[in-house]
Amino acid sequence: MAFHEVRFPASLSFGSVGGPERRTEIVTLTNGFEERNTPWSQSRRRYDAGIGLRSLDDVETLIAFFEAREGQLHAFRWKDWSDFKSCKPSREVRFDDQTIGRGDGRTAEFALTKAYASGAQSVSRRIGKPVAGTVRAGVQGDEMQEGLTYEVDLAAGTVIFAAPPAEGLEVTAGFEFDVPVRFDTDRIQTSVASFKAGDVPNVPVVEVRL
């Protein structure tokens, strides 16, 4: 298996249905109270790529992409239109959208992350597939220059500074990103007659851990 650095056609994923999934284990005790636990530190996203198909040309595009990935074998990039920026979807990406670490004078490479906060609680999500040309980085409120003061590893989702930020300095970043996924089926069933009648195939897609 491998990861193909290619994005599923964004025009097809635009109409898809899906989002994050959590795994929670719940045990109800004899006194009626519950004990809840989870083996997952991060959520896992699922989508249905079939919903976005609008024409037979779209079906052909889907089949070609599916064959090139050899079904479930190879993973690929997916644009989640409801969550693809380090900021709100209506805003432009800024270099200070997310805090990704603090300098210690030795570390030059920082992983991209996105925080999801509600009330006093916050969960940090590792971003492994940023989009080329969208990553902006800063140190202690000053924007850095890509290619001059830092580089971006698009395959690993990290920012690499030419000189390690000094101790205590806040390191920030803003970016657009894709979700690493694979097909969750080895079979796609289509019918021209059914498709014209409004029946679209079910094409499940699931996030993969990298």
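The model shown is predicted, which means the values in this text are computed figures rather than measured ones.

**Here's the deal with the overall build of the protein**
Link 1 in the chain: Scanning the protein for helices and strands turns up three helices and 17 strands.
Link 2 in the chain: Its C-alpha atoms put the protein at 65 × 60 × 35 Å along the principal axes.
Link 3 in the chain: When the accessible area of the protein is evaluated, it comes to approximately 11800 Å², of which 49% is carbon and sulfur surface.
Link 4 in the chain: The distance from the centre of the 26 positive side-chain charges to the centre of the 31 negative ones in the protein is 3 Å.

**Some points on the side chain of D48**
Link 1 in the chain: Position of D48 relative to the elements: it lies in strand β5 (residues 44-48).
Link 2 in the chain: Of note is the side chain of D48, whose polar atom sits 3.1 Å from the backbone nitrogen of V203.
Link 3 in the chain: Not counting residues within four places of it along the chain, the set of residues in contact with D48 comprises S16, V17, P201, N202, V203 and P204.

**Observations regarding the layout of surface pockets**
Link 1 in the chain: Approximately 440 Å³ is the volume attributed to the largest pocket.
Link 2 in the chain: Taken together, 23 residues line the largest pocket, and the ones lying closest to its centre are Q42, R125, R126, E207 and R209.
Link 3 in the chain: Here the residues of the lining of the largest pocket are counted per class, giving 11 nonpolar, four polar and eight charged.

**Quick word on the packing of aromatic side chains**
Link 1 in the chain: For the structure on display, the rule yields 14 aromatic pairs.
Link 2 in the chain: Plain terms: the ring middles of F14 and W81 are 5.0 Å apart, the flat faces sit at 90° to each other, and that makes the pair edge-to-face. Of this pair, F14 sits in the loop between α1 (10-13) and β2 (17-21) while W81 sits in the loop between β6 (75-78) and β7 (98-102), placing them 67 residues apart in sequence.
Link 3 in the chain: Using a relative accessible area of 32% as the deciding quantity, one classes W81 as partly exposed.
Link 4 in the chain: Geometrically, the ring pair formed by Y150 and F161 is tilted, given 6.1 Å between the ring centres and 55° between the ring planes. Note that Y150 is positioned in strand β13 (residues 150-153) and F161 in strand β14 (residues 158-161), a separation of 11 residues in sequence.
Link 5 in the chain: A network of ring pairs unites the aromatic residues F8, Y47, F65, F66, F76, W78 and F183 as a single cluster.
Link 6 in the chain: Here K79 stacks its cationic end above the ring of W81, 3.8 Å away from the centre of that ring.
Link 7 in the chain: One cation-aromatic arrangement involves K79 over F84; the distance from NZ or CZ to the ring centre is 4.4 Å.

**Here's the deal with the pattern of salt bridges**
Link 1 in the chain: Tallied over the entire structure, the rule returns 15 salt bridges.
Link 2 in the chain: With a closest N to O distance of 2.5 Å, K129 and E5 form a salt bridge. On the criterion of sequence distance, the pair formed by K129 in the loop between β10 (121-126) and β11 (136-139) and E5 in strand β1 (residues 3-7) is long-range, its members being 124 residues apart.
Link 3 in the chain: A residue is classified by how much of its surface remains accessible, and K129, at 3% relative accessible area, is buried.
Link 4 in the chain: Between K114 and D83 there is a salt bridge, with the nearest N and O atoms lying 2.6 Å from each other. Of this pair, K114 sits in strand β9 (residues 113-118) while D83 sits in the loop between β6 and β7, and the two are 31 residues apart along the sequence. Each member of the pair, K114 together with D83, is buried.
Link 5 in the chain: It is possible to trace a salt-bridge network through shared partners that takes in E5, R7, R77, K129 and D178.

**Details of unusual backbone geometry**
Link 1 in the chain: Here the phi dihedral of E70 falls at roughly 55°; this positive angle occurs in a residue that is not glycine.
Link 2 in the chain: Its location among the elements puts E70 in the loop between α2 (56-68) and β6.
Link 3 in the chain: Judged by its relative accessible area of 49%, E70 falls in the partly exposed class.
Link 4 in the chain: Although it is not a glycine, Q140 sits at a positive phi angle of roughly 50°.
Link 5 in the chain: Structurally, the position occupied by Q140 is in the loop between β11 and β12 (142-143).
Link 6 in the chain: The exposure class of Q140 is partly exposed, given its relative accessible area of 46%.

What counts and how
Residues numbered from 1 in each chain as written. Predicted model: local features only at pLDDT ≥ 70, side-chain atom pairs only at ≥ 80, totals over all residues. Heavy atoms only, no water. Helix = DSSP H or I, 4+ residues; strand = E, 2+ residues; numbered from the N terminus. Areas by Shrake-Rupley, 256 points an atom, 1.4 Å probe, with all protein chains shown as cover. Lys, Arg positive; Asp, Glu negative; His and termini not counted. Charge placed at Lys NZ, Arg CZ, Asp CG, Glu CD. Polar contact = N/O pair within 3.5 Å; in protein donor to acceptor, adjacent residues only side chain to side chain. Contact = heavy atoms within 4.5 Å. 1 Å grid on protein atoms, 1.4 Å probe; cavity = no way out; pocket = protein on both sides within 12 Å on 5 of 7 lines; lining within 4 Å. Points joined across faces, edges and corners; volume = space filled by probe spheres on them. Nonpolar A, V, L, I, M, F, W, Y, C, P; charged D, E, K, R; others polar. Phe/Tyr/Trp six-rings, centres within 6.5 Å; stacked < 30°, edge-to-face > 60°. Buried < 20%, exposed > 50% of the residue type's maximum accessible area, 1.4 Å probe, protein only. Lys NZ or Arg CZ within 6 Å of the ring centre and 35° of its normal. Salt bridge = Lys/Arg side-chain N within 4 Å of Asp/Glu carboxyl O.

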